[in-house]
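Descriptive structure summary
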Amino acid sequence: MRFYSTNGEVKGVELEQAVLEGLAADGGLFMPDEIGAFPSGFLAEAPSLSFPEIALVTAKSFLGDALDEQVLRDIVEDAVNFDAPLVEVKPGIFSLELFHGPTLAFKDFGARFMARLMAHYVAQRNEELTILVATSGDTGSAVAHGFLNTPGIRVVLLYPSGKVSPLQEQQLTTMGGNISALEVQGTFDDCQTMVKEAFVDEELRSKILMSSANSINIARLVPQSFYYVYSWSRLPDRDKDLVITVPSGNFGNLTAGMIAKRMGLPVTKFVAATNINDVVPEYLKSGVFTPRPSATTISNAMDVGNPSNFYRMCELYSESPASLDQELEGYAYTDEETKECMQAVHQDTGYILDPHGAVGYLGLTEALKQHPDANGIFLETAHPAKFKEIVDDTLNIDVEVPNRLQQYMEREKQSTEIPPTLAALKESILQLLA
Ligand SMILES: *Cc1c(COP(=O)(O)O)cnc(C)c1O
């Protein structure tokens, strides 16, 4: 199995190179040459398999012969060491809780798998690897946690100053060790642009081995397909239609779900739910993709104005663009609607949604109007305590902060403030490595 770039110039790349480079040299995103099907009988057997067992079969279908089976097994077993329970919030409406990992967001899945895969490749070489990560909050801490104390790997996090929650900032800036944080005087899109520019910068490319850990990295996509299969296998009635809603920003999570469907998972409809950064729902309505600067919302991990994985979604449907419209719906919600949803669900059921999950819930209830008999799953991508200020304020409660989050609040912030330019980023990176 080889990988090609969505920009079309880079082809026939091995998994190792695709994972270590992150972004292809032509600026595109890596895609697998073909998407395999699940082995026959797997879906029938899945309900009696464990999560790591399901993850391994899914990973094998995704990666084909790109990775040695024993290596893959070790990585999957080490990476998928926490559950993703399916919780029925209302009859037929299920929350797929993806926040039971070390940093309490779904990005732990991608980050843990990618870190272990990269560590495997770096151990075989004799080179230092520098991971650049632009983060709107959750990615950075999940990635940093995944790589913490990994020999041969340094992580440089870029986050937009003042645009992440206090707790997220504590998580990003107090890790220490091989993790450094840069506080960028700009937006998340600025951070992402800086990272993209750094990757194609000749001087940096010649001096250091760099990789990206954003959702553009193919290694992040692979494990994000695992829990779609797992959640389906835990539904009480799998014969019904299935609608899955994904609260989306950069659209890596949804893309992984679409790949799971391509491998054979029976999903009737996917729903892209966004906050007011709605370029994909707009595209689904108008057929025109118009990236624009992101706006700040209470679901800030989805404040993305130019979602990278959109190009992967288009690749997946390049042979039949019309079926993208049939298989995917898109809805966007304001902060006001998000808060009202959090309040209504809490009042009706006692379930505490975080703002991202609430956007997903809203999209699901909308889509289920056309599929009243379907099972509905929304992905709950973060623990409500990660957005404690908003959740407490909206619901008039004091949401409990799990211990593994609380410990970050007591540490001292260590970060360097820089302007949103490539020059500033280069200077910081070269200083760190000096
Ligand atoms: C990153 C993130 C998202 C968006 O996921 P994408 O794969 O970028 O679409 C949604 N919710 C939370 C909590 C996140 O951290």
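Residues numbered from 1 in each chain as written. Predicted model: local features only at pLDDT ≥ 70, side-chain atom pairs only at ≥ 80, totals over all residues. Heavy atoms only, no water.

Notes on the overall build of the protein chain
When helices and strands are counted, the protein chain shows 20 helices and 13 strands. The globule rule puts the C-alpha radius of gyration for 434 residues at 22 Å, and the 20 Å found for the protein chain is close to it. Taking the principal axes of its C-alpha atoms as reference, the protein chain extends roughly 60 × 50 × 40 Å. A total of 434 residues make up the protein chain; the buried ones form 62% of that total. Long-range pairs, those at least 24 residues apart, make up 75% of the contacts in the protein chain between residues at least 6 apart in sequence. Accessible surface for the protein chain amounts to roughly 16100 Å². Of this, 46% is attributable to carbon and sulfur atoms. Charge-centre separation for the protein chain: the mean point of 32 positive side chains lies 2 Å from the mean point of 59 negative side chains. (Helix = DSSP H or I, 4+ residues; strand = E, 2+ residues; numbered from the N terminus. Rg over C-alpha atoms; globule rule 2.2 N^0.38 Å. Buried < 20%, exposed > 50% of the residue type's maximum accessible area, 1.4 Å probe, protein only. Contact = heavy atoms within 4.5 Å. Areas by Shrake-Rupley, 256 points an atom, 1.4 Å probe, with all protein chains shown as cover. Lys, Arg positive; Asp, Glu negative; His and termini not counted. Charge placed at Lys NZ, Arg CZ, Asp CG, Glu CD.)

A look at the layout of surface pockets
Reported here for the largest pocket is a volume of approximately 210 Å³. Along its surface, the largest pocket is lined by Tyr4, Met31, Pro32, Asp33, Glu34, Ile35, Arg262, Glu315, Leu316, Ser318, Glu319 and Ser320. Its residues placed into classes, the lining of the largest pocket shows five nonpolar, two polar and five charged. (1 Å grid on protein atoms, 1.4 Å probe; cavity = no way out; pocket = protein on both sides within 12 Å on 5 of 7 lines; lining within 4 Å. Points joined across faces, edges and corners; volume = space filled by probe spheres on them. Nonpolar A, V, L, I, M, F, W, Y, C, P; charged D, E, K, R; others polar.)

Re the site of the ligand
Taken together, 15 residues lie around the ligand, and Lys107, Gly249, Asn250, Phe251 and Thr381 are the ones closest in. Backbone polar atom of Asn253 to an oxygen atom of the ligand: 2.9 Å apart, as the coordinates give it. Within the side chain of Thr381, an N or O atom sits 2.7 Å from a nitrogen atom of the ligand. Relative to its unbound accessible area of 380 Å², the ligand is 98% covered by the protein chains. The cavity where the ligand resides is the largest cavity. Of the residues that constitute the shell around the ligand, the class distribution is six nonpolar, seven polar and two charged. (Near = heavy atom within 4 Å. Polar contact = N/O pair within 3.5 Å; in protein donor to acceptor, adjacent residues only side chain to side chain. Sits in = over half its atoms within 2 Å of the grid points.)

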